[in-house]
Amino acid sequence: MAKGTHDFTADPRNANIVINVNGVMTPRAEAVVSVFDSGFMLGDGMWEGLRVHKGKIAFLDAHLDRLFEGSKAIAMDIGITRDALVERLYQTISSNGMADQEGVHIRLMVTRGIRSTPYQDPRVVISPATIVIIPEYKEALPSTVENGIRLFTVHVRRGDPAVQDQKLNSHSKLNCITACIQATQAGADEALMLDPQGFVATCNSTHFFIVRKGEVWTSSGDYCLGGITRANVIRICRENDIPVFEKNFSLTDVYGADEAFVTGTFAGVVPATEVDGRILTEGRGPMVERLQGLYRELIENDVA
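Described in the following lines is the structure provided in the data block.

Cut-off values and rules
- Residues numbered from 1 in each chain as written.
- Predicted model: local features only at pLDDT ≥ 70, side-chain atom pairs only at ≥ 80, totals over all residues.
- Heavy atoms only, no water.
- Helix = DSSP H or I, 4+ residues; strand = E, 2+ residues; numbered from the N terminus.
- Rg over C-alpha atoms; globule rule 2.2 N^0.38 Å.
- Buried < 20%, exposed > 50% of the residue type's maximum accessible area, 1.4 Å probe, protein only.
- Contact = heavy atoms within 4.5 Å.
- Lys, Arg positive; Asp, Glu negative; His and termini not counted.
- Charge placed at Lys NZ, Arg CZ, Asp CG, Glu CD.
- Axes fitted to C-alpha atoms, helices over the stretch in contact; angles between N-to-C directions.
- Parallel < 35°, antiparallel > 145°, perpendicular 65-115°, else oblique.
- Left-handed = near helix turned anticlockwise from the far one by under 90°.
- Nonpolar A, V, L, I, M, F, W, Y, C, P; charged D, E, K, R; others polar.
- Phe/Tyr/Trp six-rings, centres within 6.5 Å; stacked < 30°, edge-to-face > 60°.
- Lys NZ or Arg CZ within 6 Å of the ring centre and 35° of its normal.
- Core = buried A, V, L, I, M, F, W, Y, C linked by side-chain atoms within 4.5 Å.
- Salt bridge = Lys/Arg side-chain N within 4 Å of Asp/Glu carboxyl O.
- Pairing = 2+ DSSP bridges.

**Side note on the overall build of the protein**
Along the protein, the regular secondary structure elements total 9 helices and 15 strands. For a compact globule of 304 residues, the expected C-alpha radius of gyration is about 19 Å, and the protein comes in at 19 Å, within 12% of that figure. Expressed as lengths along the three principal axes of its C-alpha atoms, the size of the protein is roughly 55 × 45 × 35 Å. Residues classed as buried in the protein amount to 50% of the 304 residues present. Residue pairs in contact within the protein that sit at least 24 positions apart in sequence constitute 70% of those at least 6 positions apart. Between the centroid of the 30 positive side chains of the protein and the centroid of its 38 negative side chains there is a distance of 2 Å.

Here it is, written out as structure tokens:
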């Protein structure tokens, strides 16, 4: 998430973590990849952000489904089985003594591997995929979860899938980074992005929802990543008789909303209290507070 959602002051415990680089536990200061690695050179790879709760990785099956499907879509061979990757993830948690710790976030990154020369054609790749697992102590600030973030609608759009499919959780994030830069320079915490038709799509690193007259609305999903937390929030709405709709809506609908919120693996459900200078709520509204509680219950059930 953006700057307003967590404390960027490094947890001192992170200085001593070991990072899993291709199955080898490596001290943080020594964890490196080649300058010829596909991810560094071209952003050629896929990644997942994972949350550890009570020693278990929450919603791991859904995250691995997305990782393996995305890798298949770009014809990238991860090089190890799903079970072997799970074992590697938990080995990393164990090696860092994080199995009984809270506030642990993992970045799992897979790139196409090392290229023989700076060239985009995958046929010059000369190694198996690079797999890096970075575990850190990192969690959202309690004040953010309660008081929310501010959004700013940027000129950078979410693109057509024929250009770069937004369903791919790829290392190529320049579209989102430029959106984030514009929002930050406007004094906001995160960017709200529109689709090619001008309807609300998503944020630069989270998914966006509004609440209108007891109904929860989110975008059609056509121009955003298939978010795990987004899907879970839609699920808990349906299971608890909260009307929820995936649909096209405009900024006018946003400005007139009763509440708004964003979702993501890192912080779960976070209120968005202000959009383009329009104050929607002072802190979290009743729907957001309810959904935060239901989402916590869902995580507990998943890792039980």
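The structure having been displayed, the exposition proceeds.
**Let's talk about the packing of helix α2 (residues 60–73) against helix α3 (residues 82–95)**
Where α2 contacts α3, the two axes come as close as 12 Å, and the packing angle between them is 125 degrees. Taken together, the axis directions place α2 and α3 in an arrangement best described as oblique. For the pair α2 and α3, the crossing hand works out as right-handed. Contacts between α2 and α3 involve Leu60, Asp61, Leu64, Asp65, Leu67 and Phe68 from the former and Arg82, Leu85, Val86, Leu89 and Tyr90 from the latter. Of the residues contributing to the contact of α2 with α3, the split by class is 8 nonpolar, no polar and 3 charged.

**What about the packing of aromatic side chains?**
Scanning the entire structure with this criterion turns up 3 aromatic pairs. Between Phe209 and Phe261, the ring centres sit 4.7 Å apart and the planes meet at 5 degrees, which makes this aromatic pair stacked. One end of the pair, Phe209, is in strand β10 (residues 207–212); the other, Phe261, is in strand β13 (residues 259–264), and 52 residues separate them in sequence. In this structure, Phe209 and Phe261 share a single accessibility class: buried. Over the face of the ring belonging to Tyr137 we find Arg13, whose NZ or CZ atom lies 3.6 Å from the ring centre. For the cation-ring pair, Lys247 lies above Trp217, with the distance from its terminal atom to the ring centre recorded as 3.7 Å.

**Observations regarding the nonpolar core**
If you look at the biggest cluster of nonpolar residues, it comprises 27 residues, and the most contacted ones within it are Leu50, Ile57, Leu67, Leu89, Ile106, Leu108 and Val110. Mapped onto this core, the elements with two or more residues apiece are β1 (18–21), β3 (45–53), α2, α3, β5 (104–111) and β6 (130–137). Considering each element in turn, this core owes the most residues, 5 residues, to β5. Residues contacting Leu50, with those up to four places away along its chain left out, are Ile57, Leu60, His63, Leu89, Val104, His105, Ile106, Leu108 and Thr265. With 23 residues, the next largest nonpolar core counts Ala257, Phe266, Val270 and Val275 among its residues.

**So, the pattern of salt bridges**
A complete count under the given rule lists 14 salt bridges for this structure. Between Glu300 and Lys54 there is a salt bridge, with the nearest N and O atoms lying 3.0 Å from each other. Of this pair, Glu300 sits in helix α9 (residues 286–303) while Lys54 sits in the loop between β3 and β4 (56–57), and the two are 246 residues apart along the sequence. One salt bridge in this structure joins Glu246 and Arg238, with 3.7 Å as the shortest N-O distance.

**Quick word on the pairing of β6**
Counted residue by residue, β6 has 7 buried out of 8 residues, so it is predominantly covered. Both β1 and β6 contribute to a ladder of 2 bridges, which runs antiparallel. Counterpart to Asn20 in the pairing with β6 is Ile133. As paired strands, β5 and β6 are joined by 8 bridges and run antiparallel to one another.

**Considering the pairing of β10**
Among the 6 residues in β10, 5 count as buried, and that is most of the element. In this sheet, β13 lies alongside β10 in antiparallel orientation, the contact comprising 5 bridges. Residue pairing for β13: Val211 is matched across the bridge by Glu259. Two strands pair when backbone bridges link them, and β10 and strand β11 (residues 215–218) are joined in this way by 4 bridges, in the antiparallel orientation. Bridge pairing in β11 places Phe209 opposite Thr218. Linking β10 back to β11 in an antiparallel pair, the connection comprises 2 residues, with Lys213 at a positive phi of about 50 degrees.

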